Amino acid sequence: MKLSNSLSSEQISYVSSVSTTLFTQALRAGLTKEHVMNFRETIYGYYHQYKREFSWRQTTDPYHILVSEVMLQQTQTYRVNGKFEHFLAQFPNFYVLAQADMRSVLAAWQGLGYNRRALALQAIAQSVVAEHGGQLPANPQMLTTFRGIGSNTAGSICAFAFNQPTVFLETNIRAVLIHFFFQGESNIHDKMLLPLARMVLDVDNPRDWYYALMDYGVVLKKCYPNPSRASAHHVKQSVFQGSDRQIRGEILRMLLAESSLSISCVAERLTVDVERVERIARQLMHDGFLYFTDQQIALIE
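Residues numbered from 1 in each chain as written. Predicted model: local features only at pLDDT ≥ 70, side-chain atom pairs only at ≥ 80, totals over all residues. Heavy atoms only, no water.

## Notes on the nonpolar core
In terms of nonpolar packing, the biggest core is built from 55 residues, with Leu66, Phe87, Ile149, Ile251 and Ile297 touching the most fellow members. Looking at this core, the element that brings in the most residues is helix 9 (residues 116-132), giving 6 residues. Here isoleucine 251 is in contact with Val266, Leu270, Val277, Ile280, Leu284, Leu290 and Ile297, once residues within four sequence places are set aside. Counting residues in each nonpolar core, the second largest holds 42 residues, with Ile12, Val18, Tyr46 and Ile188 among its members. (Core = buried A, V, L, I, M, F, W, Y, C linked by side-chain atoms within 4.5 Å. Buried < 20%, exposed > 50% of the residue type's maximum accessible area, 1.4 Å probe, protein only. Helix = DSSP H or I, 4+ residues; strand = E, 2+ residues; numbered from the N terminus. Contact = heavy atoms within 4.5 Å.)

Here is the structure:
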């Protein structure tokens, strides 16, 4: 077990004192109510002593929860923590976000990456205003019809905004379930984890239960090799430096500062081949970010 500077000795001691062998054996033999209660006590025991505090955990406002969950997709909490309140100050509700220009939305999103999420979030706001009277539907199936919302994000929104006992997975929840119940196994598919997530779910308080699972997952990854590596869905993130993803972000940053740019100018500034910049610019055009005319690019206003 490795010690992280961000963890106290008490946190390390709590996690290291928990034996997972019994839980793995119990799943194979058949989980009993006692096993489930013991598992919950372990997770809640840690959470009640060491839970993390975030501003999005201090609210159940559906709009606030939606913003936080979209921001947290593929983005670490420390980065979201610095952006969440700033974004809400600029776009405090569905109506303001729905009516905002894309330039201001993208500017507020800078630093979070995966800028398509900003467009998706605004598209959701527009749908909520136009089709649902400004009220976010409390139905996970309906939420999945919105741009950028999959089943797991829909489940998390309903759990945190409406305290519904939905069943969903994310990286930290997946890590906890694998660590406790699939010791020594590999290539574990989510279809094996989802029934387990349902069995151990605290249906009386799903909001706190999921926060507790996530916090335990964070500490696990700092104390042990990441259990999620045993998941069949685990994908090692590609290197960001020099990637198309980095260039996409740089192009958008340039266009936030200037009304338009030529492809050759962007290539020169980034010291990248013109052909590569043109290819990425055309992808950005396809994604709805910019105009591309006569080798000039500009943000869609």
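What follows continues from the structure just given.
## With respect to unusual backbone geometry
The phi torsion at glutamine 74 lies on the positive side, around 60°, for a residue other than glycine. Relative to the elements of secondary structure, glutamine 74 occurs in the loop between helix 4 (62-71) and helix 5 (77-81). Residue classification places glutamine 74 among the exposed positions, given a relative accessible area of 61%. Notably, glutamine 295 is not glycine yet its phi reads approximately 65°, a positive angle. With respect to the secondary-structure elements, glutamine 295 resides in the loop between strand 2 (290-293) and strand 3 (296-299). Among the residues examined, glutamine 295 registers a relative accessible area of 34% and is labelled partly exposed.

## Examining the environment of phenylalanine 146
Inspection of the secondary structure puts phenylalanine 146 in the loop between helix 10 (140-143) and helix 11 (151-162). Separated by 45 residues in sequence, phenylalanine 146 and aspartate 101 place their C-alpha atoms 20 Å apart. With residues near it in sequence (within four places) discarded, phenylalanine 146 still touches Ile124, Ser127, Val128, His132, Leu136 and Pro137.

## Describing the pairing of strand 3
For strand 1 (residues 261-262) and strand 3, the ladder comprises 2 bridges, and the chain directions are antiparallel. Of the residues in strand 3, the one forming a bridge with leucine 261 is isoleucine 297. Bridge count between strand 2 and strand 3: 4 bridges; the pairing is antiparallel. Across the sheet, the residue bridging to leucine 290 is leucine 299, located in strand 3. (Pairing = 2+ DSSP bridges.)

## Let's talk about the pattern of salt bridges
Tallied over the entire structure, the rule returns 12 salt bridges. Between arginine 28 and glutamate 185 there is a salt bridge, with the nearest N and O atoms lying 3.2 Å from each other. Note that arginine 28 is positioned in helix 2 (residues 21-29) and glutamate 185 in the loop between helix 12 (171-181) and helix 13 (190-200), a separation of 157 residues in sequence. Note on arginine 28: relative accessible area 57%, which makes it exposed. For the salt bridge of glutamate 250 with arginine 253, the shortest nitrogen-to-oxygen distance reads 3.1 Å. Separated by 3 residues within a single helix, glutamate 250 and arginine 253 lie in helix 15 (residues 244-257), roughly one turn from each other. Residue class for arginine 253 comes out partly exposed when judged on its relative accessible area of 38%. (Salt bridge = Lys/Arg side-chain N within 4 Å of Asp/Glu carboxyl O.)

## Topic: the sheet that holds strand 3
One open sheet holds the 3 strands; their spatial order is 1-3-2, and the pairing between them is antiparallel. Among the strands making up the open sheet, the edge pair consists of strand 1 and strand 2.

## Section: the packing of helix 8 (residues 102-109) against helix 9
Axes are the key here: two packed helices are described by the angle between their axes and the distance separating the axes. Where helix 8 contacts helix 9, the two axes come as close as 9 Å, and the packing angle between them is 125°. Classed by the angle they form, the pair helix 8 and helix 9 counts as oblique. The chirality of how helix 8 crosses helix 9 is right-handed. The segment helix 8 lies against helix 9, with Met102, Val105, Leu106 and Trp109 engaging Arg117, Ala118, Leu119, Leu121 and Gln122. A class-by-class count of the residues in the contact of helix 8 with helix 9 yields 7 nonpolar, 1 polar and 1 charged. (Axes fitted to C-alpha atoms, helices over the stretch in contact; angles between N-to-C directions. Parallel < 35°, antiparallel > 145°, perpendicular 65-115°, else oblique. Left-handed = near helix turned anticlockwise from the far one by under 90°. Nonpolar A, V, L, I, M, F, W, Y, C, P; charged D, E, K, R; others polar.)

## Overview of helix 13
For helix 13, the complete set of buried residues consists of Asp190, Leu193, Leu196, Ala197 and Val200. In a view along the axis of helix 13, the buried residues occupy a sector of 120°, so they form one face of it. Residues of helix 13 that are exposed and point more than 90 degrees away from the buried face comprise Lys191 and Arg198. Among the structural elements, helix 2, helix 3 (33-50), helix 12 and helix 14 (206-223) are those in contact with the buried residues of helix 13. (Arc of directions from axis to C-beta.)

## A look at the packing of helix 4 against helix 9
Axis separation between helix 4 and helix 9 bottoms out at 10 Å; the angle between their running directions is 160°. By the angle class used here, helix 4 and helix 9 are roughly antiparallel. Here helix 4 runs over helix 9; the crossing is right-handed. On helix 9, the residues that touch Leu66, Val67, Val70 and Met71 of helix 4 are Arg117, Leu121 and Ile124. Of the residues contributing to the contact of helix 4 with helix 9, the split by class is 6 nonpolar, no polar and 1 charged.

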